[in-house]
There are 2 protein chains.
Amino acid sequence: MAPGGYMGNVLRLNLTEGKVIKEPLPPEDVLRAWLGGRGLGVYYMLKEVDPKVDPLSPANKAIVATGPLTGVTGVPSSGRWCSVTKAPLTNTIHDAQSGGKFGPELKFAGFDAVIIEGASEKPVYLWIHDGEAEIRDAKHLWGKDTHATTEAIREELAPEIGVEEAEGIKVLTIGPAGENLSKIACLINDKARAAGRGGHGAVWGSKKLKAIAVRGHMTPSVAREDVFEEISEKSVDIIKKAPVTAQALPKYGTAVLVNIINQHGVLPTRNFQTGVFQTAERISGERIAEEIMDWKKQEEETCWGCPISCARYTRIEKPPFTGEGGGPEYETVWALGAQTGTDDLAAVSKANYLCNELGLDTISMGHTIGTLMELVEKGKVPQEKLRGLKVSWGNGEALVELTWRTAYRSGIGDELSEGALRLAQRYGAPELAMVVRGQELPAYDPRGVQGHGLAYATSNRGGCHLRAYLISAEVLGIPELLDRFSTAGKGKWVKRFQDSFATIDSLIVCKFVTFAYGNDILASQLSAVTGWDVSVEEFERIGERIYNAERAFNALSFGDGEEHDTLPKRLLKEPMPEGPSKGHVVKLNEMLPEYYAERGWVKGRPTKAKLKELGLDWVAEMLERENLLYA
Amino acid sequence: MAPGGYMGNVLRLNLTEGKVIKEPLPPEDVLRAWLGGRGLGVYYMLKEVDPKVDPLSPANKAIVATGPLTGVTGVPSSGRWCSVTKAPLTNTIHDAQSGGKFGPELKFAGFDAVIIEGASEKPVYLWIHDGEAEIRDAKHLWGKDTHATTEAIREELAPEIGVEEAEGIKVLTIGPAGENLSKIACLINDKARAAGRGGHGAVWGSKKLKAIAVRGHMTPSVAREDVFEEISEKSVDIIKKAPVTAQALPKYGTAVLVNIINQHGVLPTRNFQTGVFQTAERISGERIAEEIMDWKKQEEETCWGCPISCARYTRIEKPPFTGEGGGPEYETVWALGAQTGTDDLAAVSKANYLCNELGLDTISMGHTIGTLMELVEKGKVPQEKLRGLKVSWGNGEALVELTWRTAYRSGIGDELSEGALRLAQRYGAPELAMVVRGQELPAYDPRGVQGHGLAYATSNRGGCHLRAYLISAEVLGIPELLDRFSTAGKGKWVKRFQDSFATIDSLIVCKFVTFAYGNDILASQLSAVTGWDVSVEEFERIGERIYNAERAFNALSFGDGEEHDTLPKRLLKEPMPEGPSKGHVVKLNEMLPEYYAERGWVKGRPTKAKLKELGLDWVAEMLERENLLYA
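Keep in mind it's a predicted model, so treat the numbers as computed, not measured.

K.L.:
Would you take a moment to explain the overall build of chain A for this structure?
P.N.:
Summing up its helical and strand segments, chain A has 27 helices and 18 strands in all. Projected onto the principal axes, the alpha-carbon positions of chain A cover approximately 60 × 60 × 50 Å. Long-range pairs, those at least 24 residues apart, make up 71% of the contacts in chain A between residues at least 6 apart in sequence. Counting every atom, chain A has about 19,500 Å² of accessible surface; 49% of that belongs to carbon and sulfur.

K.L.:
Would you mind showing me how to read the confidence of the model for chain A here?
P.N.:
Any residue range with low pLDDT should be treated as having predicted coordinates unsuitable for detailed reading. Per-residue confidence for chain A gives a mean pLDDT of 97, with 100% of residues at or over 70. Scored by ipTM, the complex comes to 0.96, with pTM at 0.97.

K.L.:
Help me understand the pattern of salt bridges, please; the structure alone is not making it clear to me.
P.N.:
It is possible for side chains bearing opposite charge to pair when their charged atoms get close. Scanning the entire structure with this criterion turns up 120 salt bridges over all chains. Arg32(B) is the partner of Glu538(B) in a salt bridge, and the nearest nitrogen-oxygen pair spans 2.8 Å. With Glu538(B) in helix α23 (residues 536–558) and Arg32(B) in helix α1 (residues 28–34), this residue pair connects regions lying 506 residues apart in the sequence. Arg437(B) serves as the salt-bridge partner of Asp565(B), at 2.6 Å between the closest nitrogen and oxygen. A residue pair is termed long-range when its members are at least 10 positions apart, and Asp565(B) in the loop between α23 and α24 (569–573) and Arg437(B) in the loop between β15 (435–436) and β16 (439–440) qualify at 128 residues. When sorted by exposure, Asp565(B) lands in the same class as Arg437(B), which is buried. Connected via shared salt-bridge partners are Lys495(A), Asp499(A), Arg541(A), Glu544(A), Arg599(A), Lys610(A) and Glu613(A).

K.L.:
Just checking my understanding: could you explain the interface of chain A and chain B for this structure?
P.N.:
Interfaces are often sized by the amount of accessible area the parts lose when they come together. Of the residues lining the interface, 29 residues belong to chain A; the matching set on chain B comes to 29 residues. Across the chain A to chain B interface the summed buried area is about 2,400 Å²; carbon plus sulfur atoms make up 45%. The interface formed by chain A and chain B includes 10 salt bridges. In this structure, Glu401(B) engages Lys350(A) in a salt bridge whose closest nitrogen and oxygen atoms are separated by 2.5 Å. Where chain A packs against chain B, one counts 20 residue pairs in polar contact (both at pLDDT 80 or more). For the side of chain A that touches chain B, the secondary structure elements donating two or more residues are α4 (146–161), β13 (313–318), β14 (321–326), α14 (345–358) and α16 (396–408) of chain A. Top contributing element to the side of chain A that touches chain B by residue count: α16(A), with five residues. Tallied by class, residues from the side of chain A that touches chain B come to nine nonpolar, eight polar and 12 charged.

K.L.:
I keep staring at the packing of aromatic side chains and nothing clicks. Help me out?
P.N.:
The geometry of an aromatic ring pair is captured by two quantities: the separation of the ring centres and the angle between the planes. Residue and element names in this part refer to chain B. The full count for this structure, using the stated rule, is 36 aromatic pairs over all chains. Ring centres of Phe-108 and Trp-304 lie 5.9 Å apart, and the angle between their planes is 65 degrees; this geometry places the pair in the edge-to-face category. Of this pair, Phe-108 sits in helix α3 (residues 102–108) while Trp-304 is found in the loop between α12 (295–301) and β13 (313–316), placing the two residues 196 residues apart along the sequence. Judged by relative accessible area, Phe-108 falls into the buried class, the value being 12%. Between Phe-272 and Trp-334, the aromatic rings sit 5.9 Å apart at their centres with planes inclined by 75 degrees, giving edge-to-face as the arrangement. Here Phe-272, found in the loop between α10 (257–263) and α11 (285–292), pairs with Trp-334, found in helix α13 (residues 330–336); they are 62 residues apart in sequence, far enough to count as distant. Pair check on accessibility: Phe-272 and Trp-334 agree, each one buried.

K.L.:
Hey, could you run me through the sheet that holds strand β11 (residues 193–195) of chain A in this one?
P.N.:
Two strands in a sheet stick together by hydrogen bonds in their backbones, pointing the same way (parallel) or opposite ways (antiparallel). Residue and element names in this part refer to chain A. Strand order in the open sheet formed by six strands is β8-β7-β12-β9-β10-β11, and the pairing between neighbours is mixed. The sheet is open, and its two edges are formed by β8 (132–137) and β11, each paired on a single side. Each adjacent strand pair in this sheet contributes to an overall mean axis angle of 20 degrees, direction not counted. Pairing between strand β9 (residues 170–173) and strand β12 (residues 209–215): four bridges, direction antiparallel. If you follow Val-171 over to β12, its bridge partner there is Ala-213. Along the sheet face, α4 touches β7 (124–129), β8, β9, β10 (187–189) and β12 and points at about 55 degrees away from the line of β7.

K.L.:
Whenever I open this one, the packing of α14(A) against α16(A) confuses me. Can you help?
P.N.:
The packing of two helices is summarised by the inter-axis angle and the distance between the axes. Residue and element names in this part refer to chain A. Orientation of α14 relative to α16, taken along the N-to-C sense of each, is 10 degrees, at an axis distance of 8 Å. It follows from the interaxial angle that α14 and α16 lie roughly parallel. Here Ala-347, Val-348, Lys-350, Ala-351, Leu-354, Cys-355 and Leu-358 of α14 lie close against α16, whose contacting residues are Gly-396, Leu-399, Val-400, Thr-403, Trp-404, Ala-407 and Tyr-408. The residue makeup of the contact of α14 with α16, split by class, is 11 nonpolar, two polar and one charged.

K.L.:
Can you walk me through helix α22 (residues 519–530) of chain A in this structure?
P.N.:
Along an α-helix, residues three or four apart share an orientation, since each turn contains 3.6 residues. All names here are of chain A. Over its 12 residues, α22 runs 16 Å from end to end, which matches the ideal 16 Å to within 8%, given 1.5 Å per residue. Buried within α22 are the following residues: Asn-519, Ile-521, Leu-522, Ala-523, Gln-525, Leu-526, Ser-527, Ala-528, Val-529 and Thr-530. Buried residues along α22 sit in contact with α8 (225–241), α21 (490–507) and α23 (536–558). Immediately downstream of α22, the backbone of Gly-531 shows phi near 90 degrees, a positive value.

K.L.:
Please explain the layout of surface pockets as it appears in this structure.
P.N.:
A probe matching the size of a water molecule, rolled over the atoms, marks out where space remains unfilled. Volume-wise, the largest pocket comes out at about 2,200 Å³. In this structure, the largest pocket is lined by 45 residues; those nearest its centre are Trp142(A), Lys208(A), Trp142(B), Glu179(B) and Lys208(B). Here the lining of the largest pocket is composed, by residue class, of 13 nonpolar, 13 polar and 19 charged.

K.L.:
Would you explain the relation of the copies chain A and chain B in this entry?
P.N.:
Two copies of a chain can be linked by a rotation about an axis combined with a shift along that same axis. The two copies are related by a screw operation: chain A maps onto chain B through 180 degrees of rotation and 0.0 Å of translation along the axis, at an RMSD of 0.0 Å. This pairing of chains is accounted for by a two-fold axis.

K.L.:
Where do I start with the domain arrangement of chain A in this structure?
P.N.:
Residue and element names in this part refer to chain A. By the assigned domains, chain A splits into domain 1 (9–215), domain 2 (254–437) and domain 3 (446–625). Measuring from the centre of the C-alpha atoms in domain 2 to the corresponding centre in domain 3 gives 27 Å. Taken as a group, His-264, Val-436 and Arg-437 account for 33% of the area that domain 2 buries against domain 3, more than any other trio of residues on that side. At the surface where domain 2 touches domain 3, the tally comes to three salt bridges. Joining domain 2 to domain 3, the criterion identifies 13 residue pairs in polar contact (both at pLDDT 80 or more). Only α10 (257–263), α15 (362–377) and β15 (435–436) provide two or more residues apiece to the side of domain 2 that touches domain 3. Among the elements that make up the side of domain 2 that touches domain 3, the one with the highest residue count is α10 (four residues). For the side of domain 2 that touches domain 3, the per-class residue count stands at 14 nonpolar, nine polar and three charged.

K.L.:
Help me understand the pairing of strand β1 (residues 9–14) of chain A, please; the structure alone is not making it clear to me.
P.N.:
Note on strand geometry: in a regular strand, side chains alternate between the two faces of the sheet. All names here are of chain A. Counting buried positions along β1 yields five of six residues, so the element is predominantly enclosed. Summarising the sheet, β1 and strand β2 (residues 19–24) pair through six bridges and their orientation is antiparallel. Each bridged residue has a counterpart across the sheet, and for Asn-14 the counterpart in β2 is Lys-19. Between β1 and β2, which follow one another and run antiparallel, lie four residues, and Gly-18 among them has a positive phi close to 65 degrees. The pairing of β1 with strand β6 (residues 113–117) spans five bridges and is classified as parallel. In the strand pairing of β6, Asn-14 is matched with Glu-117.

K.L.:
So what exactly am I meant to see when it comes to the packing of helix α2 (residues 37–48) of chain B against helix α27 (residues 617–625) of chain B here?
P.N.:
Residues and elements named next belong to chain B. For the pair α2 and α27, the least separation of the axes is 11 Å and the interaxial angle reads 45 degrees. Viewed along their axes, α2 and α27 adopt a mutual orientation that is oblique. When the axes of α2 and α27 are compared, the crossing they make is left-handed. In contact with Tyr-43, Leu-46 and Lys-47 of α2, α27 contributes Trp-618, Val-619 and Met-622. In terms of residue class, the contact of α2 with α27 is built from five nonpolar, no polar and one charged.

K.L.:
Would you take a moment to explain unusual backbone geometry for this structure?
P.N.:
Residues apart from glycine generally show negative phi values, whereas peptide bonds are mostly found in trans. Residue and element names in this part refer to chain B. Cis geometry is found at the peptide bond from Ile-478 to Pro-479, where omega equals 0 degrees. Among the secondary structure elements, Pro-479 is positioned in the loop between α20 (471–474) and α21 (490–507). Ile-508 follows Leu-507 through a cis peptide bond whose omega is -15 degrees. Turning to its location among the elements, Ile-508 is positioned in the loop between α21 and α22 (519–530).

K.L.:
Whenever I open this one, helix α8 (residues 225–241) of chain B confuses me. Can you help?
P.N.:
All names here are of chain B. Taking 1.5 Å per residue, 17 residues should reach 24 Å; α8 reaches 24 Å between its end C-alpha atoms and fits that length. Turning to α8, its buried residues are Phe-228, Ile-231, Ser-232, Ser-235 and Ile-239. Burial along α8 is one-sided: seen end-on, the buried residues are contained in an arc of 105 degrees. With respect to the buried face of α8, the exposed residues turned more than 90 degrees away are Asp-226, Glu-229, Glu-230, Glu-233, Lys-234 and Lys-241. Looking at the buried positions of α8, the neighbouring elements they touch are α9 (243–252) and α22.

Rules used throughout
- Per chain, residues are indexed from 1 in the order of the written sequence.
- Chains carry letters from A onward and ligands carry numbers from 1 onward, assigned in written order.
- Only residues with pLDDT of 70 or above have their local features reported here, since the model is predicted, and side-chain atom pairs are shown and tallied only from 80 upward, although totals for entire chains, interfaces and linings are computed over all residues.
- To get the side-chain values, take all heavy atoms of the structure and skip hydrogens and water.
- Strands are runs of DSSP state E lasting at least 2 residues, helices are runs of H or I lasting at least 4, and numbering of each runs from the N terminus.
- In what follows, residue pairs with any heavy atoms lying within 4.5 Å of each other are defined as contacts.
- Residue exposure ignores everything except the shown protein chains as possible cover, and the areas themselves are Shrake-Rupley values with a 1.4 Å probe.
- The score called pLDDT rates the predictor's confidence residue by residue, from a low of 0 to a high of 100.
- We define a salt bridge as a contact between a side-chain nitrogen of Lys or Arg and a carboxyl oxygen of Asp or Glu at a distance within 4 Å.
- Three labels apply to residues, based on accessible area from a 1.4 Å probe with only protein chains included: buried if under 20% of the type maximum, exposed if over 50%, partly exposed otherwise in between.
- For any pair of parts, buried area is found by adding up, for both, the accessible area (1.4 Å probe) each one loses once the two are put together.
- Polar contact criterion, stated in full: a pair of N or O atoms within 3.5 Å, where within protein one must be able to donate a hydrogen and the other to accept it, and residues adjacent in sequence count only if both atoms are side-chain atoms.
- Here the nonpolar group is Ala, Val, Leu, Ile, Met, Phe, Trp, Tyr, Cys and Pro; Asp, Glu, Lys and Arg are the charged ones; every other residue, Gly included, is treated as polar.
- Here a pair means two rings of Phe, Tyr or Trp (six-membered ring of Trp) with centres within 6.5 Å. Their orientation is stacked below 30 degrees between planes, edge-to-face above 60, and tilted elsewhere.
- Pairs of strands are assigned from DSSP output, requiring at least two bridges between the strands.
- What counts as an axis is a line fitted to C-alpha atoms, over the stretch in contact for a helix, and the angles between N-to-C directions run from 0 to 180 degrees.
- An angle counts as roughly parallel when it lies under 35 degrees, as roughly antiparallel when it exceeds 145, as roughly perpendicular when it falls between 65 and 115, and as oblique in every other case.
- The length a helix should cover is 1.5 Å for every residue beyond the first.
- Lining residues are defined by having an atom within 4 Å of a point belonging to a cavity or pocket. Those points lie on a 1 Å grid over the protein atoms alone, cavities being sets where a 1.4 Å probe fits but cannot get out and pockets being open sets with protein on both sides within 12 Å along at least five of seven lines.
- Grid points are joined across faces, edges and corners, and a volume is the space filled by probe spheres set on the points.
- The copies were overlaid by least squares, fitting only the C-alpha atoms of residues that reach a pLDDT of 70 or more in each copy.
- The split into domains, and so the bounds of each, comes from an automatic or database assignment of domains.
- Left-handed describes a crossing whose near helix is turned anticlockwise from the far helix by less than a right angle; the clockwise case is right-handed.
- In this context, the arc is that of the directions from the helix axis out to the C-beta atoms.

This is the structure:
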């Protein structure tokens, strides 16, 4: 029997053979080393997939995984799941995390994870119900957007399982963008929750897997119920008292950050040309709360088991932009807003709804539109390519139209759907792509947050704020306030964040709990649920193992190493032109050596000794075979 | 050898077998009976297709045809071609006519027509070049819009035939709407010319035929060059002097009609709730000319060999609606404008560009949006269906968004893509569908133009202004001004118009020449080119033959007859509420008996005697076998 928290079962969905089989989770020692979610996904990928695989070929796999804390009543903010695959946008190993209600429901249906392999000839979806799984035809769903797919699956299963039961079905699906193999296509669950980055939607599209629908009534067990209750109460209590989780996030959602980040002069504006967006306030969380929130619907949108409830449900009612839906989140209002110079909250929200319906990552979408706008501004794009559309800073109409075009590869959208780097390369200006490892950078200009810059540069999945959220320390002062312009000690901080977050992404709980409590509480939750005795040291060591394994996968994929641990030239060479971060660039050279030393890495790669220390001898052997291992 | 004007060759494209073969045109007596274009298409359909066929099944055929005058230098406005098929929107036999440059080029490439039969498993396109034809893979084109398809074909053929030669390729293609089997999907040639109505695009989509590309250097011969020159000069001379063809159309395009029709109180507004659109002037041809015309590009847009040049090329430059392209035409500004209560020329133009790119019929698209708006107004559509989009009279944003959604069957667009009748039926209000034989009515409220109402009701292809344009007589006074509120004699007029237009659609020339000259000139053009001696009587008799054959096809398809020769209840029972046509309804009962008498029809169907008289004994036999023939 699997440890507490786990359901003990994995589904292996072989699309080439049209078979789905149940298999047990790996043995307990493997689980304790990798936990679940991101860690388990990385483990399976390294064990089963050639890192050199073409991400859109049948030989790639995509793993949908929960962790031991997912869906455990009493673990705050554990309504999560993640997708792990080799990503088409980046060629890196890649995990994308999502909230909502799908993750817990997968466990209630009896499974910890689904391993998706091969490729189907015809569109299919997977239906998982109370311990049973079935591959079903999805011809009629292919082409449908994420909302329509969700509704259609519930409707077609209602006659089989009853209307009420069907209403509880949770659907994870791709939209047209994934079908059309957009490298910025995401997976959408619960209509508005995204495993957003890297193009996981395209991986599903390449496999002709439209959706996974789940419904179940089982519950994960808790090994030590006596201590668990106390830990649970304490955890919720802290969350309910901490300012960020008790006030800021519930009231204003993630976009509470807009004004804060802008006031620090690090809100990337017009494709990172500056860090100050004059009219940022117009797209802030405060404005969202005042102007477009539907508080009643918002309650329904809250992630499973979350006492924070940062989710938004909004409605825009004045033409030319009307609509409603989940979001927009902070990263979204930044990407579709400041990055494109657009301060029209309605236009931003509308494009956000469409991204969710069509299955596009809002960060990559908005970011890439901003890239196009700078390419157009600099005269790199022939006018006829745009068919008269005004592609210029601040034109909200362009956000909406380019979102449609990207999802369906219509006109210039065909090029946008490949992401910012390939777009900029096509027009001969790769230096205008603000990417790391091919992934578009998110909503913080690192020139004013040095540690965050190092986090970007060393992010295994590509430019990302969620591998190590140094903003927490450098701007919000959690767990302590660091000098954001200083480089000293940042290597150590980044490593600590990266490792902790890798563990958290494997539990899985929401990173927002770290605004309230630390790894001690999390380790105690994990211990109580599983029955293990996980110390803070072991907790962080799990993350370190994952981080090293990921880097090894990348090394095997494309020779990842120090030459990829870098940032776009603009951020290294062009001083911030104005505002509170004026004059700064990212001093990466000052931080990387410390980071490598902390990691025990040489030239951006794990050494044999480090891998051995982490119990990754078998990974070291893989690197050695390819001459990628430093002693 | 074929008569003058003809190339003598037909291509038979069998998509099931993946073969294309050349065959001769039918014998001269058949050609003289059916001419080309619409007539020839109807002939082939009756000879080769079971009228009961499912329009989207491989057993349906689609015929692309030119006529003996198409592409003959010196015949004004002969740059035309047409598509004939059994239409999915209506289940009628259906021809859709189009201008531009494709039709002549097909002849220059050596062919009068293409008969498309069967269905391919994979997307293909047909490439016709100087007498040779080849089926080519179109996997890479599937999903592309009409502009991108056109450009991609030119690009991929350039290495084979040279860049300059490739630039001259004319492409006829479907957009995503046709691929997605929208019943209002059209065929688009030369990027902005549409064989619009009835859903021909879906027929191609069902056959996985993406496009036909043509290029050639042959020219049709003229039998009697001596007289031809004189006739040609005379024809052009009359066109250059007639007010409509010399002034109104070149200056203001077809949308010159907006103010005229509105001033007569017959501009259907808000789904035919009234015939007066208060702010119609804002979407008029005069405004188009003043505000958004690109006169330089317009020259390039002119149809092959046309001295009228009514084509528009426009550009809108102020957000939230920016773009450029061909059109909008009168029927388009009506459908997307007055029919939806929208007086925003930019929004209307933008939706028009998108219809052309995505391959949607602008009339059916705008009309159906208007239908949805009334359904919403009347509370028939659950709000959640609209996802927050404000679907209400005058919201230009809705035009644009619903066009996107329709082409891709996204959200409510899935239902819009089936056309107005099926949409209204779905929401339990079929009486709100302003259709005849399932086809959405165009831009004239028949309550103030009685003869035009009869023309709608008796239109073989479904609600249409182009089978018999009584507006010409009842409003413009061409060839003579008729009392528009009177029903007397309208049966005879409608029959004359229907027969003449059927011949003209088979020549093929543009109907706009009839604003300048009559059947005498057209018959003399036809005689000079072919070498026949076609009298005006014979000329009109050809059209009568076609019209009867079409009605016979429809009778065999769905029992067409008098119960289908009708109009929506609103137009028969609800008096026009205001304006210059106030108080009127269509008095169809007063006109139908005269019409049937003129036609020699009984209960809406050709009799044996009439068919015999027209040389259609074989059609009579088909009807007889199905017990559909009245003595």
